[in-house]
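Given next are the chains, with one letter for each unit.
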Amino acid sequence: MKKLINDPGDVVADALRGVEAAHSDRVRVDHENKIVYRKDAPRQGKVGLISGGGSGHEPMHSGFVGLGMLDAACCGEVFTSPVPDQMMAATTAVDGGAGVLHIVKNYTGDVMNFEMAAEMAEADSGVRVASIVTDDDVAVQDSLYTAGRRGVGVTVLLEKIVGAAAEEGRDLDAVLEVAKKVNGNGRSMGMALTSCTVPAAGKPTFELADDEIEMGIGIHGEPGRQKKPLAPAREIAQELVDPILADHDFTGAPAIVMLNGMGGTPLIELYLMFGEVVKILEAQGLSVARSLVGNYITSLEMAGCSLTVLRTDDDLLKLWDAPVNTPGLRWGC
Amino acid sequence: MKKLINDPGDVVADALRGVEAAHSDRVRVDHENKIVYRKDAPRQGKVGLISGGGSGHEPMHSGFVGLGMLDAACCGEVFTSPVPDQMMAATTAVDGGAGVLHIVKNYTGDVMNFEMAAEMAEADSGVRVASIVTDDDVAVQDSLYTAGRRGVGVTVLLEKIVGAAAEEGRDLDAVLEVAKKVNGNGRSMGMALTSCTVPAAGKPTFELADDEIEMGIGIHGEPGRQKKPLAPAREIAQELVDPILADHDFTGAPAIVMLNGMGGTPLIELYLMFGEVVKILEAQGLSVARSLVGNYITSLEMAGCSLTVLRTDDDLLKLWDAPVNTPGLRWGC
Amino acid sequence: MAVTLETAHAWLADYASVIHDNADLLTDLDRQIGDADHGSNMDRGMKAVAALEAADFDDAAAYLKKAGMTLVSTVGGASGPLYGTFLLRFAGAVGDGGKDALGAALRAGLDGVLQRGKAEVGDKTMVDALTPAVEAFEAAGSLDEALAAAASAAASGRDAATPLVARKGRASYLGERSKDHQDPGATSVTLLLESAARTLGGESA
Amino acid sequence: MAVTLETAHAWLADYASVIHDNADLLTDLDRQIGDADHGSNMDRGMKAVAALEAADFDDAAAYLKKAGMTLVSTVGGASGPLYGTFLLRFAGAVGDGGKDALGAALRAGLDGVLQRGKAEVGDKTMVDALTPAVEAFEAAGSLDEALAAAASAAASGRDAATPLVARKGRASYLGERSKDHQDPGATSVTLLLESAARTLGGESA
Ligand SMILES: Nc1ncnc2c1ncn2[C@@H]1O[C@H](COP(=O)(O)OP(=O)(O)O)[C@@H](O)[C@H]1O
Ligand SMILES: Nc1ncnc2c1ncn2[C@@H]1O[C@H](COP(=O)(O)OP(=O)(O)O)[C@@H](O)[C@H]1O
Ligand SMILES: [Mg+2]
Ligand SMILES: [Mg+2]
Ligand SMILES: [Mg+2]
Ligand SMILES: [Mg+2]
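Residues numbered from 1 in each chain as written. Chains lettered and ligands numbered in written order. Predicted model: local features only at pLDDT ≥ 70, side-chain atom pairs only at ≥ 80, totals over all residues. Heavy atoms only, no water.

**Notes on the overall build of chain A**
- A count of helices and strands for chain A gives 8 helices and 14 strands.
- Taking 333 residues into account, the globule formula puts the C-alpha radius of gyration at 20 Å, and chain A, at 19 Å, falls close to it.
- For chain A, the spread of C-alpha atoms along the principal axes amounts to about 55 × 50 × 40 Å.
- Partitioning the intrachain contacts of chain A with sequence separation of at least 6 by distance along the chain shows that 73% fall at a separation of at least 24.
- Accessible surface, chain A: about 9,800 Å² in total, of which carbon and sulfur atoms supply 47%.
- Treating the 29 positive side-chain charges of chain A as one cloud and the 47 negative ones as another, the clouds have centres 4 Å apart. (Helix = DSSP H or I, 4+ residues; strand = E, 2+ residues; numbered from the N terminus. Rg over C-alpha atoms; globule rule 2.2 N^0.38 Å. Contact = heavy atoms within 4.5 Å. Areas by Shrake-Rupley, 256 points an atom, 1.4 Å probe, with all protein chains shown as cover. Lys, Arg positive; Asp, Glu negative; His and termini not counted. Charge placed at Lys NZ, Arg CZ, Asp CG, Glu CD.)

Written out as C-alpha cells, the structure is:
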C-alpha cells in the first residue's frame, strides 16, 4: 500500500488539520468530533443542512460546506459512516431555529446511525429534524430485496440545490420537498478500472485483471455488478448511459449531467468520457443544460468514473445557478 | 494500460470535445488547431495571454482559460509541446492591440517551439510578443549545466496572477514585470508514488518497487532526482519543504502555498500532506496567506504531489484575489 | 449468577482481545463482499469498551449499557448501531443475571438488532448467527449447556449463511456474487458468543 | 546528382518507413531517460512528410523545405523544431545536389540544429551523432564513401554518447542516472543517415 499518510488510524484526523489550514476563511473544524462547520453557522432562520458519511469520498462532504451548501459535514472513518454523536452535535450546533435537514446516502450503516441521531437530537434538544435518503445508483438491481439502491452522485447535486433552497430562506418542509424532487429525478451509474485500498486494510478491496473493468461499482470499493473486458471509452459511455435512461424519463426537460472521477482518473480522461456521454445523451433527445466534470464523489484512489443525470425544471436550475462558496464547488461569488 | 480512451492517437482530440461540451459558456475550441479560446477573445486593449504545452497536465492549461486568466491554451499531444503553428494562430487570434504574452514552461521542446512561433508571429502579423519562461523546480540541480530548471507549479499561480494584471488593463511591459516577479519568487518540488503511462507508449514511464517513491519528479513522468523508501507523510513533507526553503528566502512576506496532486492521488491525502507542510512552514516562520489544495498541474494518473511556495507582496496578493472564472479555478464571480 | 459486573467485564474484555486478534480476518472477509472495514470498526469500538473500568459502575446493567453506548459512539458503519443496540437492550433485560435473565437479555438484544436492521434469517447477516444462538440458549437446560449450545449454534448459523445470496447490508449489492463468502458480521457475532461461553459460565455462579 | 527531387523523396519515404518500424524502440529509449514520446513524435511527423507527393514540387529544395515545415508543424517537442530546422537549412543549401552540395547541406542542417538547440558534442543529444557524421561526410572522397562514412560515424557517435551524462534536453534532469542509456535523438539521427546512404548514393548519379 502506497499512500501519503502517517498512521492508517490517523488518516481522517490528519486530513482534517489540512482542511482547516486550507479553508479557515470558510470553515471551522471540530477536531474532537470530526465535524467541519460552515464558519458562520448557525445562521438564524435558515434551515440547517447536515450531511456526513465515511471519509475517502472527498471533496464530498467536507468540501461542500459553506455558503449555499452544507452547514456541517460529519466525517466518519474511511468508508465507515459517522456515529450518532457526531450528527447530534452537528444538529444542535447548526440549528438556527428553522430545523435541520439530514442528507443521508442509502447505506445500512449511514441510515441507522443517522436514524439514531435524529431520534436522540429531537428527544434531547427539541430541534426539528427531517431526513432525505439518497438512492440513485441504478447499478443495484432487485432493490426491493436488498438494502436498496445506494446513494451516490445525486448526493452532490442535491447538496448544491437544496443548499440554495435553504440559503434563500425556504422552510424545512419546502427544503425537504426540493430534496425529494432531486433524489427522485436523478440516476447514476459507475465503473472502475482499478480497486482502491482502505488504509486500515492495507490491500486492494477487489482484484481486477489488467484487461478487466468492473461495471456498477459503488463508492466504497464494493465490487460492482459485473466484471467485463476493458473496452473503448465510447462503449463504456454507452453502458453507463443505457441503464440510467432505461430507469427514468429524461426527455423534454433540461438535464444536469455530472461525469465524476473516482479519485485516480486523470481529468483528460474524464473530459474524454464526458464528450462521449454527451454525444449519446443528445442523440437520445436529452438536452444537457448544465454540467460538472471532475472529482466530486470519489472512492480514494480508485480509477474509474460515474455518470449522474438529473432531470430538472426552472426551479431546480435556478437553485443550481445560485451562488455557492465551498472548497469543492464555487461560483457566483 | 487501462485508460478511459478510444484510440491512443485520438486522446487529445477526443478530450477537447468534452471540454467544449462542458464549458461552452466560457470557452470555444478550435479543434483543427487544438486551441482552447476564451469565448470573448480578443478583448480590445487587453494584453492577450497564451500558454500551452503537452497535454496530460489538466486542468493546466486548457482549464485555465477564461476571465482573469488565459485567453488561449495550445494543446500539444500528450507530454509533447505544441507546434509553432498553434501558437501563431492563437497569438493572432487573441491580440486586442496591446500585444501578447507567451507563458512557456522551461522544457527544451516548449521553449524552441514557442521561440519559433514568436519569431514567425512578429514577422508575419506584427503582433508584439513577449515571453516568460517559468523555471521553478528546485529538484533540478546544477541547472547551469543542463536544460535548466523545469517550469512546474509556479506556472499555475503565474497564469492566475498575470491574468488578473492583464484583466485590469496593465500594458505588456507591466504584465511581463509581474510575470517575472512571480517566477522569480516561486519554487516547487514534487514526488511520485507511482509512474504514469503515456497512452501511445502503453507502459509505465518508470518503475518503482512497492515500497519506493521517486523524489524530485517532473510533470512528464520523467524520473526524478532519487528513488527512496516510502516514508510517512510528515517526512515526505519535510523533504519537499527543505530544498524550497534552502533555495529562496520566504520569510517576512505573505506566501501563497499550493499542494498539488499529480492526478492519481486522492484529495484526502492531499489535505493530509497540506496539513503537514503548513505545520513545517509555520514552524520556519513563514506566513501562509493563501492556499490551493488539489489537482492543478498533473502528470496523467501519476500518484504523488508537488509543493509550490510563492513569496508575495500586496500587489501580487491583490491580483491573486481578483475574480477569476475558468473551468479549473474560479472565485469572485 | 451468570452475569455479574465482574463476569460481564470479563466477557467484554475477552471479546475485545479476540476481536483484536481477528481484526485482519474480519476485515478481509469484509473486503471480499463489503468495504474492508469490519475488523477495524469492531476493534476500534471494543478497544474503547475495554477501556471502561468495572469499578466505575454499580452493576452489570450499568456497565453493559455504557458499553453499548460506547459502541454506538465509536464504531459507526452498520455494526455500530447493531452491536450498540444489542448491548443496550441486553443491559435493559439482564435483571438478576441468572440463566433465565441471560436468555431474556439475549432475546432482547436480538430483537433490538432485528428492529434496527430489519433483516431476517436467511438475509446473510449477523442475524443468521444470532437467531439460532438465542434459540439454542433458550432451549438448553443448564447455564453452561446453554452457553455452549448458543456458541455452537452461532457457528452453524454463520456457516449456513455462507452459501446464501446476501439481501441486507453492503454485500447485498453483489447479488449472486455474494454466494460462498462468509459473512463478517455473522463471524464476529459467533466470536461474541464463544467469548460468552468462556466467561459467563461456571455452574456454580 | 546525389540529391534530386526523386532521390530526396525516396530518402524521406524510406526514413518514414524506418521510423514507423522503429517507433516503439525510440519511444522505449525515451521512456528510460525522457518522457516516452520520441517514437510517436517522429512517426507522426514522418507520416505527414510521407504524404507529400514529389510531383507537387519543382525541385528537391522546394520539396525538402516543405518537408521541414511539415515536421515543424506536426512533431512538436524538442525533435520537431530540431529536425524541422535541420531540413529547412538543408534545403536552403542543397544547390545542385552533387556531393559537395550535399556536404554543404548537411553542414547547414547541423548548424541550424546547433543554433536552435545550443547543444555541444558531449551533451548526449542528436548532435553527438550528427556532428561526426557531417565531418566524416566532408572528409570522404566519393559520394558513396561519404554517405557510408557518415552513417557509420553517426552510429559511433550515438554509441559514444551512451555512457555520458546528459546535459541538454529532458534527460539532463536525470543527472548521473542518464548514464548508460542510449539517446533517442541520436538514434533517430543515425537512422536518418543510414537511410540517406541507402537512397542518395549510386556513384553514377
Ligand atoms: N440490516 C442488517 N441487519 C443485520 N446485520 C447487518 C445488516 N446490515 C449489515 N449487517 C451486518 O453488518 C456487517 C458489516 O459490518 P461493517 O462492515 O462494520 O459495516 P459496513 O457494512 O457499514 O461497512 C455485515 O457483515 C452484516 O453481518
Ligand atoms: N538542446 C538540444 N539540442 C539537440 N538535441 C536535443 C536537444 N534537446 C533534446 N534533444 C534531442 O531530442 C531528443 C528527444 O526528442 P523528443 O522526445 O521527441 O522531445 P521531448 O524531449 O520534448 O519529449 C533527445 O533524445 C535529444 O537527442
Ligand atoms: Mg463501512
Ligand atoms: Mg515530449
Ligand atoms: Mg464494512
Ligand atoms: Mg520525449
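Additional details are given in the paragraphs that follow.
**Looking at the coordination of the magnesium ion (ligand 3)**
- Ligation of the magnesium ion (ligand 3) by protein atoms is provided by Phe79 of chain A (O), Asp35 of chain C (OD) and Asp37 of chain C (OD), these donors lying 2.1 to 2.4 Å from the ion.
- A separation of 3.5 Å is found between the magnesium ion (ligand 3) and the magnesium ion (ligand 5), which share aspartate 35 of chain C as a coordinating residue. With one member in each of two chains, phenylalanine 79 of chain A in the loop between strand 4 (72-78) and helix 2 (84-94) and aspartate 37 of chain C in the loop between helix 1 (5-33) and helix 2 (38-50) form a pair that bridges those chains. For the pair phenylalanine 79 of chain A and aspartate 37 of chain C, one class covers both residues: buried. (Donors = N, O, S within 2.8 Å, 3.2 Å for Na, K, Ca; no water. Buried < 20%, exposed > 50% of the residue type's maximum accessible area, 1.4 Å probe, protein only.)

**Some words on the site of ligand 1**
- Ligand 1 sits among 22 residues. The nearest are Asp35, His38, Ser79, Gly117 and Asp183 of chain C.
- Two or more chains meet at ligand 1, and those chains are chains A and C.
- In the model, an oxygen atom of ligand 1 is placed 3.0 Å from a nitrogen or oxygen of the aspartate 30 of chain C side chain.
- Contact distances for ligand 1 include 2.9 Å between a nitrogen atom and a backbone N or O atom of glycine 117 of chain C.
- Coverage of ligand 1 by the protein chains reaches 97% of its 570 Å² of free accessible surface.
- Residue assignment for the shell around ligand 1 shows that the elements contributing at least two residues are helix 2, helix 4 (79-93) and helix 8 (184-199) of chain C.
- Element by element, the count of residues in the shell around ligand 1 is highest for helix 8 of chain C, at 3 residues.
- Within the shell around ligand 1, the residues separate by chemical class into 7 nonpolar, 9 polar and 6 charged. (Near = heavy atom within 4 Å. Polar contact = N/O pair within 3.5 Å; in protein donor to acceptor, adjacent residues only side chain to side chain. Nonpolar A, V, L, I, M, F, W, Y, C, P; charged D, E, K, R; others polar.)

**A word on the interface of chain B and chain A**
- Taken residue by residue, the interface counts 59 residues in chain B and 59 residues in chain A.
- Surface buried jointly by chain B and chain A totals about 4,500 Å² across both partners, of which 64% is contributed by carbon and sulfur atoms.
- When the buried surface of chain B facing chain A is broken down by residue, Lys2, Leu4 and Ile268 of chain B rank first, second and third, together holding 20% of it.
- One salt bridge connects arginine 17 of chain B with glutamate 276 of chain A, and the closest N-O pair in it is separated by 3.2 Å.
- Joining chain B to chain A, the criterion identifies 24 residue pairs in polar contact (both at pLDDT 80 or more).
- At the level of secondary structure, the elements contributing two or more residues to the side of chain B that touches chain A comprise helix 1 (11-23), helix 6 (233-247), helix 7 (267-283), strand 11 (287-294), strand 12 (304-311) and strand 14 (330-331) of chain B.
- Considering every element that reaches the side of chain B that touches chain A, the biggest residue donor is helix 7 of chain B, with 11 residues.
- A breakdown of the residues in the side of chain B that touches chain A according to their chemical character gives 32 nonpolar, 13 polar and 14 charged. (Buried area = accessible area lost by both parts, 1.4 Å probe. Salt bridge = Lys/Arg side-chain N within 4 Å of Asp/Glu carboxyl O.)

**A word on the UniProt feature "domain: DhaL" (unreviewed entry) in chain C**
- On the UniProt side, "domain: DhaL" (unreviewed entry) is annotated at positions that read residues 6-198 of chain C here.
- Each end of residues 6-198 of chain C is marked by a C-alpha atom, and these two atoms are 13 Å apart; helix forms 71% of the span and strand 0%. (UniProt positions renumbered as here; feature names shortened; annotations may be inferred.)

**Some remarks on the interface of chain B and chain D**
- Taken together, the contact pairs 41 residues of chain B with 31 residues of chain D.
- Between chain B and chain D, a total of about 2,600 Å² is buried, with carbon and sulfur atoms accounting for 54% of that surface.
- By the criterion of area lost to chain D, the three top residues of chain B are Thr80, Met112 and Met116 of chain B, representing 19% of everything that side buries.
- Summed over the shared surface of chain B and chain D, the number is 4 salt bridges.
- For arginine 116 of chain D, the salt bridge identified is with glutamate 119 of chain B, shortest N-O distance 3.3 Å.
- Inspection of the chain B/chain D interface yields 12 residue pairs in polar contact (both at pLDDT 80 or more).
- Where the side of chain B that touches chain D is concerned, the elements lending two or more residues are strand 4 (72-78), helix 2 (84-94), helix 3 (108-125) and strand 9 (226-229) of chain B.
- The biggest single contributor to the side of chain B that touches chain D is helix 3 of chain B, with 8 residues.

**Quick look at the arrangement of the chains**
- Interchain contacts are distributed over 3 pairs of chains, and the most extensive set of them lies between chains A and B.
- Spatially, chain A and chain D are disjoint, and the shortest separation between their C-alpha atoms is 17 Å.
- Regarding chain C and chain D, the two do not touch, and the least distance separating their C-alpha atoms is 36 Å.

**Some points on the pattern of salt bridges**
- Taken as a whole and assessed by the stated rule, the structure comprises 69 salt bridges over all chains.
- As a salt-bridge pair, aspartate 247 of chain A and arginine 187 of chain A come within 2.6 Å of each other at their nearest N and O atoms. Of this pair, aspartate 247 of chain A sits in helix 6 (residues 233-247) while arginine 187 of chain A is found in strand 7 (residues 186-192), placing the two residues 60 residues apart along the sequence.
- Of the charged contacts, one joins aspartate 71 of chain B and lysine 46 of chain B as a salt bridge, the two residues approaching to 2.8 Å between their closest N and O atoms. Pair noted here: aspartate 71 of chain B is in the loop between strand 3 (48-55) and strand 4 and lysine 46 of chain B is in the loop between strand 2 (35-38) and strand 3, with a separation of 25 residues, a long-range link.

**A few points about the coordination of the magnesium ion (ligand 5)**
- Coordination of the magnesium ion (ligand 5) by the protein comes from Asp30 of chain C (OD), Asp35 of chain C (OD) and Asp37 of chain C (OD), over a distance range of 2.1 Å.
- Spacing between the donor residues of the magnesium ion (ligand 5) along their common chain follows D-x4-D-x1-D.

**Details of the relation of the copies chain B and chain A**
- Placing chain B over chain A gives an RMSD of 0.0 Å and needs a rotation angle of 180 degrees, together with 0.0 Å of translation along the axis. A rotation of that kind, with that shift, is consistent with a two-fold axis. Relative to the rotation axis, the C-alpha of glycine 264 of chain B is the closest in chain B, positioned 2.0 Å from it.
- By residue overlap, the copies meet face to face through one surface: 100% of the interface positions of chain B are interface positions in chain A. (Least-squares fit on C-alpha atoms with pLDDT ≥ 70 in both.)

**Remarks on the sheet that holds strand 2 (residues 35-38) of chain A**
All names here are of chain A.
- Read from one edge of the open sheet, 6 strands run 1-2-4-3-5-6, paired in mixed fashion. Either end of the sheet is taken by a strand with one partner, and the two such strands are strand 1 (27-30) and strand 6 (129-134). Taking the axes of each pair of neighbouring strands and ignoring which way they run, one obtains an average angle of 20 degrees across the sheet.
- Across 4 bridges, the pairing between strand 1 and strand 2 is antiparallel. Across the sheet, the residue bridging to arginine 28 is tyrosine 37, located in strand 2.
- Packing against the sheet, helix 5 (residues 172-184) makes contact with strand 3 (48-55), strand 5 (100-105) and strand 6, and its axis sits at approximately 5 degrees to strand 6. (Pairing = 2+ DSSP bridges. Axes fitted to C-alpha atoms, helices over the stretch in contact; angles between N-to-C directions.)

**Examining the packing of helix 4 (residues 154-167) of chain A against helix 5 of chain A**
Residue and element names in this part refer to chain A.
- It is at 9 Å that the axes of helix 4 and helix 5 come closest, and there the two elements cross at 155 degrees. Viewed along their axes, helix 4 and helix 5 adopt a mutual orientation that is roughly antiparallel. You can see that helix 4 and helix 5 cross each other, and the crossing is right-handed. In contact with Val154, Leu158, Ile161, Val162, Ala165 and Ala166 of helix 4, helix 5 contributes Val175, Val178, Ala179, Val182 and Asn183.
- Considering only residue class, the contact of helix 4 with helix 5 consists of 10 nonpolar, 1 polar and no charged. (Parallel < 35°, antiparallel > 145°, perpendicular 65-115°, else oblique. Left-handed = near helix turned anticlockwise from the far one by under 90°.)

**Quick notes on the sheet that holds strand 12 (residues 304-311) of chain A**
Residues and elements named next belong to chain A.
- Read from one edge of the open sheet, 6 strands run 9-8-7-12-10-11, paired in mixed fashion. Each end of this open sheet is capped by a strand with a single partner; those strands are strand 9 (226-229) and strand 11 (287-294). Shown here is a sheet whose adjacent strand axes are inclined to one another by a mean of 20 degrees, direction ignored.
- For strand 7 and strand 12, the ladder comprises 7 bridges, and the chain directions are antiparallel. Opposite serine 188, over in strand 12, you have threonine 308 as the bridge partner.
- Against the sheet, helix 6 contacts strand 7, strand 8 (212-215), strand 9 and strand 12, and its axis sits at roughly 150 degrees relative to strand 7.
- Packed on one face of the sheet, helix 7 (residues 267-283) meets strand 10 (254-261), strand 11 and strand 12 and runs near 165 degrees to strand 11.

**A look at the domain arrangement of chain A**
Residue and element names in this part refer to chain A.
- Each assigned domain of chain A is listed with its residue range as follows: domain 1 (10-185) and domain 2 (186-331).
- Measuring from the centre of the C-alpha atoms in domain 1 to the corresponding centre in domain 2 gives 21 Å.
- Domain 1 puts 44 residues into the contact, and the matching count from domain 2 is 50 residues.
- Summed over both partners, the interface of domain 1 with domain 2 comes to about 3,800 Å²; 63% of that surface belongs to carbon and sulfur atoms.
- Counting across the domain 1 and domain 2 interface gives 4 salt bridges. (Domains from an automatic or database assignment.)

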